[in-house]
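Examining the three-dimensional arrangement
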Amino acid sequence: MTSATNPIFGITALGQSIWMDNLSRDLIESGDLKRMISADGIRGITSNPAIFEKAIAGNAIYDGDIEAGIRAGKSVLEIYESLTFADIRQACDIFLPLYQESQGSDGFVSIEVPPTIAKDTDSTIGEARRYAAEINRPNVMIKIPGTQEGLPAVEQVIREGINVNVTLLFSLQSYIETFWAYIRGLEGRREDGNDISQVASVASFFLSRIDTKIDQQLENKIAASDDPQHQSVLAQLKGKVAIANAKLAYQAYKEILQTDRWQSLAQDGAKVQRLLWASTSTKDPSYSDVMYVDELVGPDTVNTLPPDTIAACEDHCAVESRVESNLEAAHEVIDQLKSPPVEIDLDRVMAELLEEGIDKFVQPFESLLNSLEQKAQSLVTT
């Protein structure tokens with residue numbers, strides 16, 4: 001497949017960057033990551049504790065470094081960080097030419113602060129500073145959860161010139177608050193007399209988890225109803241909410257860009273905080289496996305795809321800018337949630353998803369540390 005026939009290059013031409021949601025040492029050392037940048041059009045990469053758990057646990061490629069760490073008296077957490085920081089640095093170096101070529105718009109590698117501190121502002125600020133300093137690459141992006149405690153940390157580290165990927169965003173209001181945290185951080189940085197043109201941020205808006213959770217509630221209501229008309233209304237909403245919510249977020253993004261505060265920052269060279277579509281692998285097999293790609297292509301956005309979705313997109317993505325299409329229908333979907341017979345509290349769903357999202361990062365993080373401890377013990381006793 002050539003760049004002329006690969007849909008991912010077509011998506012890039014429409015203003016959306018495709019980042020990969022996967023990272024491992026195998027990918028780096030085999031040369032596959034470098035190849036994917038040139039051949040597949042991948043323009044960035046994201047990681048999280050779940051990704052690192054899959055990469056490290058049961059993979060012999062890390063054994064030498066693990067054994068060296070345990071013999072040097074490092075704690076399991078220190079070993080984990082030495083492994084992940086090394087992978088992130090190497091990935092950053094591979095993406096550096098793209099980062100430079102894009103003038104700091106793409107070529108980023110994201111790493112998340114420990115998920116166990118998602119509700120601790122001061123600890124999040126401290127870890128973001130430490131991660132940025134120890135990794136020491138201009139194209140590293142520190143992931144901070146978009147909790148109420150996380151947003152003040154976002155503002156502070158942006159003020160200090162650290163690139164931030166604000167993650168675990170579900171609700172429209174949380175996204176709006178995230179963009180304003182970015183703006184305040186840039187304003188503070190400018191007040192301090194520092195350059196704001198080299199700071200970058202994305203706001204990671206999660207998708208498939210929303211549909212999974214709401215579809216289950218819709219299924220329960222369908223099963224509980226004996227009214228065919230009500231059942232039809234409920235069924236028609238399945239698989240529609242996440243994309244509708246994302247399209248409304250993009251409209252909110254455009255509105256903020258028109259404000260005087262943003263325009264002032266833009267005149268001084270500030271980069272927009274791009275919306276990033278996350279959790280984009282389709283969970284329901286009856287849905288298109290590229291529905292969260294096809295429906296949300298648009299200017300100044302990012303879509304993070306796991307490898308399977310990248311392959312599917314290369315095979316059959318329909319390249320067209322659709323993030324602003326069918327906006328009236330998107331509003332209707334969100335409005336219908338409030339009305340009988342649906343009556344689903346979207347704010348409550350989003351709050352639950354945020355809590356569940358933190359747990360989904362904490363659990364693999366703790367599991368990885370346990371696996372590392374067991375592996376370390378086996379390596380030093382053999």
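Residues numbered from 1 in each chain as written. Predicted model: local features only at pLDDT ≥ 70, side-chain atom pairs only at ≥ 80, totals over all residues. Heavy atoms only, no water.

The protein chain goes by Transaldolase in an unreviewed UniProt entry, where it is assigned to Lyngbya confervoides BDU141951. Quoted verbatim from the Pathway (unreviewed entry) field of the UniProt record, the comment on the protein chain reads "Carbohydrate degradation; pentose phosphate pathway; D-glyceraldehyde 3-phosphate and beta-D-fructose 6-phosphate from D-ribose 5-phosphate and D-xylulose 5-phosphate (non-oxidative stage): step 2/3." Quoted straight from UniProt, the Subcellular location (unreviewed entry) entry for the protein chain says "Cytoplasm". (UniProt positions renumbered as here; feature names shortened; annotations may be inferred.)

**Examining helix 3 (residues 32–40)**
Buried residues of helix 3: Leu33, Met36, Ile37 and Asp40, and no others. Seen along its axis, helix 3 keeps its buried residues to an arc of 115 degrees; they face one direction. Turned more than 90 degrees off the buried face of helix 3, the exposed positions are Lys34 and Ser38. Next to the buried residues of helix 3 lie helix 1 (7–13), strand 1 (16–21), helix 2 (25–29), strand 2 (44–46), helix 6 (76–101) and helix 15 (307–316). Remark: Gly41 follows helix 3 within two positions and exhibits a positive phi of approximately 75 degrees. (Buried < 20%, exposed > 50% of the residue type's maximum accessible area, 1.4 Å probe, protein only. Helix = DSSP H or I, 4+ residues; strand = E, 2+ residues; numbered from the N terminus. Arc of directions from axis to C-beta. Contact = heavy atoms within 4.5 Å.)

**Thoughts on the packing of helix 3 against helix 6**
Where helix 3 meets helix 6, the axes come as close as 10 Å, and the angle between the chain directions of the two elements is 20 degrees. The angle between helix 3 and helix 6 falls in the class roughly parallel. The chirality of how helix 3 crosses helix 6 is right-handed. Residues Leu33, Lys34 and Ile37 of helix 3 form the contact with helix 6, whose participating residues are Ala91, Ile94, Phe95 and Leu98. Tallied by class, the residues present in the contact of helix 3 with helix 6 amount to six nonpolar, no polar and one charged. (Axes fitted to C-alpha atoms, helices over the stretch in contact; angles between N-to-C directions. Parallel < 35°, antiparallel > 145°, perpendicular 65-115°, else oblique. Left-handed = near helix turned anticlockwise from the far one by under 90°. Nonpolar A, V, L, I, M, F, W, Y, C, P; charged D, E, K, R; others polar.)

**Brief notes about the environment of Ile214**
Among the secondary structure elements, Ile214 is positioned in helix 10 (residues 208–224). Taking the relative accessible area as the measure of exposure, Ile214 reaches 0% and is therefore buried. Along the backbone, Ile214 and Thr124 are 90 residues apart, and their C-alpha atoms lie at a distance of 31 Å. Once residues within four sequence positions are removed from consideration, Ile214 is found in contact with Val241, Leu337, Ile344, Leu346 and Val349.

**Considering unusual backbone geometry**
With an omega dihedral of 5 degrees, the bond running from Pro340 to Pro341 counts as a cis peptide bond. In this structure, Leu168 is a non-glycine residue whose phi angle is positive, near 60 degrees. Structurally, Leu168 can be placed in strand 5 (residues 164–169). For Ser279, which is not a glycine, the phi torsion comes out positive at approximately 55 degrees. One can find Ser279 in the loop between strand 7 (274–278) and helix 14 (291–294). Relative accessible area serves as the criterion here: at 13%, Ser279 is assigned to the buried category.

**Focus: the layout of surface pockets**
Quantified by volume, the largest pocket comes out at close to 680 Å³. Taken together, 29 residues form the lining of the largest pocket, with Asp21, Asn48, Arg209, Ser279 and Ser281 sitting closest to its centre. Those elements giving two or more residues to the lining of the largest pocket turn out to be helix 4 (49–56), strand 5, strand 6 (201–206), helix 10, strand 7 and helix 17 (346–381). Residue classes in the lining of the largest pocket are distributed as nine nonpolar, 12 polar and eight charged. Roughly 280 Å³ of volume is contained in the second largest pocket. (1 Å grid on protein atoms, 1.4 Å probe; cavity = no way out; pocket = protein on both sides within 12 Å on 5 of 7 lines; lining within 4 Å. Points joined across faces, edges and corners; volume = space filled by probe spheres on them.)

**Here's the deal with the packing of aromatic side chains**
A complete count under the given rule lists 14 aromatic pairs for this structure. Between Tyr250 and Tyr253, the ring centres sit 5.3 Å apart and the planes meet at 35 degrees, which makes this aromatic pair tilted. Pair noted here: Tyr250 and Tyr253 are both in helix 12 (residues 241–257), with a separation of three residues, about one helical turn. One exposure class covers both Tyr250 and Tyr253, and it is buried. Directly above the aromatic system of Phe361 lies the positively charged group of Arg209, at a separation of 5.9 Å from the ring centroid. (Phe/Tyr/Trp six-rings, centres within 6.5 Å; stacked < 30°, edge-to-face > 60°. Lys NZ or Arg CZ within 6 Å of the ring centre and 35° of its normal.)

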